[in-house]
Amino acid sequence: MPDPSLLKPDSIRLAPLAAPLAVTQITGWGTTYWIPAMLAGPLERDIGLTAEAVFGGVTVMLLVSAVVAPRFGRLIDAHGSRWPMVAGSLVLALALLVISQATGTVSYLAGWVLIGIGMPLALTQAAAAAMAQIAGPKARQAIGLLMMIGGLSSSVFWPLSAFLEANVGWRQMCMLFALAHVVICAPIHLLALGRMQAQRPRDAGPGARTPAPPRLSPEERRAAFILMATAFSLTGFISWGLPLQLVEILKAYGHPVAFAVFVGTLMGPAQVAARFAEMTFGGRVGILTVGVISAALMPLAVLLPILGPPSPAIAIGFAIGYGMSAGAITIVRNVAPLALFGKETYATMTGWLSLPQNIVFALSPMIFAATMRHSGPTATLILAFGAALAALAVMMILDRRFRDRAAA
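What you see is a predicted model, and the numbers here were worked out from it, not measured in a lab. (Residues numbered from 1 in each chain as written. Predicted model: local features only at pLDDT ≥ 70, side-chain atom pairs only at ≥ 80, totals over all residues. Heavy atoms only, no water.)

Caption draft 1: Just the overall build of the protein chain, in detail. The helix and strand tally for the protein chain stands at 17 helices and 0 strands. Against the 2.2 N^0.38 benchmark of 22 Å for 408 residues, the protein chain shows a C-alpha radius of gyration of 21 Å, consistent with a compact globule. Taking the principal axes of the C-alpha coordinates as reference, the protein chain spans close to 65 × 50 × 35 Å. Within the protein chain, residue pairs in contact and separated by at least 24 positions form 84% of the contacts whose partners lie at least 6 positions apart. With an accessible surface of roughly 16900 Å², the protein chain has 69% of that area assigned to carbon and sulfur atoms. (Helix = DSSP H or I, 4+ residues; strand = E, 2+ residues; numbered from the N terminus. Rg over C-alpha atoms; globule rule 2.2 N^0.38 Å. Contact = heavy atoms within 4.5 Å. Areas by Shrake-Rupley, 256 points an atom, 1.4 Å probe, with all protein chains shown as cover.)

As structure tokens, this is what we get:
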């Protein structure tokens, strides 16, 4: 029998909750979103795919996920995250098997259709919902810890993918990644989530009752949804499009390629640092206020290369400022719906929120690439600055209107 004190919401230990899911999130994102960068050259060489088609897989993934995420969110709210996440891991394994056998654009993109189906079942939406369902009043910290560790995905899988592609080829690499979902991720979701849900405090137990989630009127729920969807879509528009142009932007401002690549690597640690700070100190500040602070940092960061002379300090400040803002807003995007809508409908609401967000995310890389190609780096940064200012304005309205409700 476990110590009864460990079953109380206020004594839940976060690391044992988040660590198993962090493994599956690192693996899930590392074997999907991050692999096109490693596949572009080999796929062009072996089956004649263009770079646009290879990276178009991510666009297909986002659009398919936008369609299915609301329905899967209702499923997760109704039945818990365990079995949907097991199913999601198996779908992602099948997707990678399909990609490993691709002979052209159609068969390659068919794999990404399956990834789009598996994404809301096995990745952030379902994992954050699991934390909300299990961690009780510590859900915010648990989600933050999960996001922080999950941010290491590219650091793990970029070098691993490069090694495997060079030594066994891209087809075998995809097959090995599919195997990882079957033998690592699916068992973790089956066994770890089953154990955690079995130890979850029951609402009927004395001293284990969690506070009732804030209740909003239908009009307030609609307003909160619209404001969050707008703010998160605008911040995501920047974070899905701007980083892909960062090296080219810095090169255009006169920085050497090696330095530009080095500066790009600083974004990841900055995001992890911001998530760690939010997880450690954010409990003292409302999650919507954290959203305002992180949204305010973004326009300042993207303005630096325009206003200052092209110097290493300016470039580093730009990358770190952007990374910290993007890292913190990721937590806000996953915690704010929990704070306003409650855990009972958390996955459903995040699924609906992903519909407009994923459409914007899918279009963002193309818009930033076209702006950079036709108008140059300053216009690209001005585009990001305008979106960042708009996001800040919407976040301020959301915070002012619902701050007390989110803190309830």
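Caption draft 2: Representation of the pattern of salt bridges within the structure. This structure, assessed with the given rule, holds 5 salt bridges. With its nearest N and O atoms 3.7 Å apart, the salt bridge here joins R45 to E165. Of this pair, R45 sits in helix α2 (residues 36-47) while E165 sits in helix α8 (residues 153-168), and the two are 120 residues apart along the sequence. Owing to a relative accessible area of 56%, R45 belongs among the exposed residues under this scheme. Given a relative accessible area of 17%, E165 falls into the buried group. For D399, the salt bridge is made with R403, and the minimal N-O distance between the two is 2.9 Å. Of the two residues, D399 and R403 both sit in helix α17 (residues 377-407), 4 residues apart, roughly one turn of that helix. Judged by relative accessible area, D399 falls into the buried class, the value being 6%. Residue R403 is classed as partly exposed on the basis of its relative accessible area, which comes to 43%. Salt bridges linked by common partners bring R45, D46 and E165 together as one network. (Salt bridge = Lys/Arg side-chain N within 4 Å of Asp/Glu carboxyl O. Buried < 20%, exposed > 50% of the residue type's maximum accessible area, 1.4 Å probe, protein only.)

Caption draft 3: Looking closely at the packing of helix α7 (residues 139-150) against helix α13 (residues 267-281). The N-to-C vectors of α7 and α13 enclose an angle of 165°; their axes lie 9 Å apart at closest approach. Taken together, α7 and α13 sit at an angle that is classed as roughly antiparallel. The two elements α7 and α13 cross, and the hand of that crossing is left-handed. Along its contact with α7, which presents R140, Q141, G144, L145, M147 and M148, the element α13 presents V272, R275, F276, E278 and M279. For the contact of α7 with α13, a count of residues per class yields 6 nonpolar, 2 polar and 3 charged. (Axes fitted to C-alpha atoms, helices over the stretch in contact; angles between N-to-C directions. Parallel < 35°, antiparallel > 145°, perpendicular 65-115°, else oblique. Left-handed = near helix turned anticlockwise from the far one by under 90°. Nonpolar A, V, L, I, M, F, W, Y, C, P; charged D, E, K, R; others polar.)

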